[in-house]
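# Residue-level structure breakdown
Each chain, written out:
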Amino acid sequence: MSVPVHVDGVHKRFDAFPALRGVSLDIAGGELVALLGPSGSGKTTLLRVIAGLETVDSGRVLFGGTDMNSLSLRDRRIGFVFQHYALFKTMNVADNIAFGLRARPRRERPAAAEISRRVNALLELVQLQGLNDRFPAQLSGGQRQRVALARALAIEPRVLLLDEPFGALDAKVRKDLRGWLRDLHRRTGHTTVFVTHDQEEALELADRVAILNQGLIEQVGTPDAVYDQPETAFVCAFLGEANALPVTVAGGRILFANAPVSRAQRPDGAATFFVRPHDLIPAAAGTEAFEGRIIQLRRSGGIRRADVAVEGIDHPVHVDLPADAPHAAGSALRLSVATGHLFPAA
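## Some details on the sheet that holds strand β11 (residues 243-250)
The strand order β13-β12-β11-β14-β20 describes an open sheet built from five strands, whose pairing is antiparallel. Each edge of the open sheet is held by one strand with a lone partner, namely β13 (259-263) and β20 (341-344). Neighbouring strand axes in the sheet, compared pairwise and without regard to direction, differ in orientation by 40° on average. When strand β14 (residues 269-275) meets β20, the two strands line up antiparallel, connected through four bridges. Bridge pairing in β20 places Ala 271 opposite Pro 344.

## Side note on the pattern of salt bridges
Summed over the entire model, instances satisfying the criterion amount to 20 salt bridges. The salt bridge partner of Arg 178 is Glu 200, with a shortest N-O separation of 3.0 Å. Taken together, the residues span a long stretch of sequence, with Arg 178 in helix α5 (residues 171-188) and Glu 200 in helix α6 (residues 199-205) at a distance of 22 residues. Given the relative accessible area of 5%, Arg 178 is considered buried. A salt bridge links Asp 183 to Arg 186, with the nearest nitrogen and oxygen atoms 3.6 Å apart. Of the two residues, Asp 183 and Arg 186 are both situated in helix α5; the distance of three residues between them amounts to about one turn of the helix. On the basis of relative accessibility, which here comes to 29%, the residue Asp 183 falls in the partly exposed class. Members of the salt-bridge network, linked through shared partners, are Arg 178, Asp 198, Glu 200, Glu 201 and Glu 204.

Conventions adopted
Residues numbered from 1 in each chain as written. Predicted model: local features only at pLDDT ≥ 70, side-chain atom pairs only at ≥ 80, totals over all residues. Heavy atoms only, no water. Pairing = 2+ DSSP bridges. Helix = DSSP H or I, 4+ residues; strand = E, 2+ residues; numbered from the N terminus. Axes fitted to C-alpha atoms, helices over the stretch in contact; angles between N-to-C directions. Salt bridge = Lys/Arg side-chain N within 4 Å of Asp/Glu carboxyl O. Buried < 20%, exposed > 50% of the residue type's maximum accessible area, 1.4 Å probe, protein only.

Pasting the structure below:
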């Protein structure tokens, strides 16, 4: 049975380092939430706090209204999947999956036949039927990770937690397992929280994404919301790619390189205008635009990335052009802004 998770004002320090600074987060029952942020942002600490593997200095974590501080680690019924699998090398696949069930006190331990039935059902769920007798060393990285997930599910967890679950795998296997995990979540319905540094992974898998920075949550929202409506300059700069253009707001107009490029109902003064490379487009005649000169062009999949020098700034502006765009290095380019995000100057 999935339960909601409520993180309420959690503070956690490691010596003088504030890992979490008053973090609050509500996760609905059955929701799949990604914790995303740079190294040192607090995402893994928050996951370990939810799991009960770290004590808090203040604040609390509730599962369905029950304060987890009142329960032992075993009674919390957490399924935890580590980045490097943490499988028992001397146990075969079936015994690894059954470990949590066999470790229960005798009065709570299922009968041997029930454990065997559950192990086989989980092997089918994670698409590893017939591999009961293999040992971890005989499996691929993707198979070992699925065994680790089956072991976490065997105890019928109230909450499933995953710490960089695909971090040790190569890019192709990671991508294959993303779709598999999303499908598994739809079938099992567990409340699931996972940590990742991979933005594409977070946006593809999660119902909602919590973006952390320096021990604080900067924004929580759907993948579309955090990408398309960033609430802070950090989120805009961190998520995806964005050009940080130094601009001036004057009379409701945004000026860049002495040219009007957009409009904003903001007080006059200096600001930073974040514009993603695909939102800069060659300007049609008569439209508001700024001018630059192409330094170089690089093919990237279905587009051509242009680095454009603009007078008055010391770094190139990155622009995504169609692969067949009739532009060459050294040529002039007028660009207009389709959309952008304006924040106060740092």
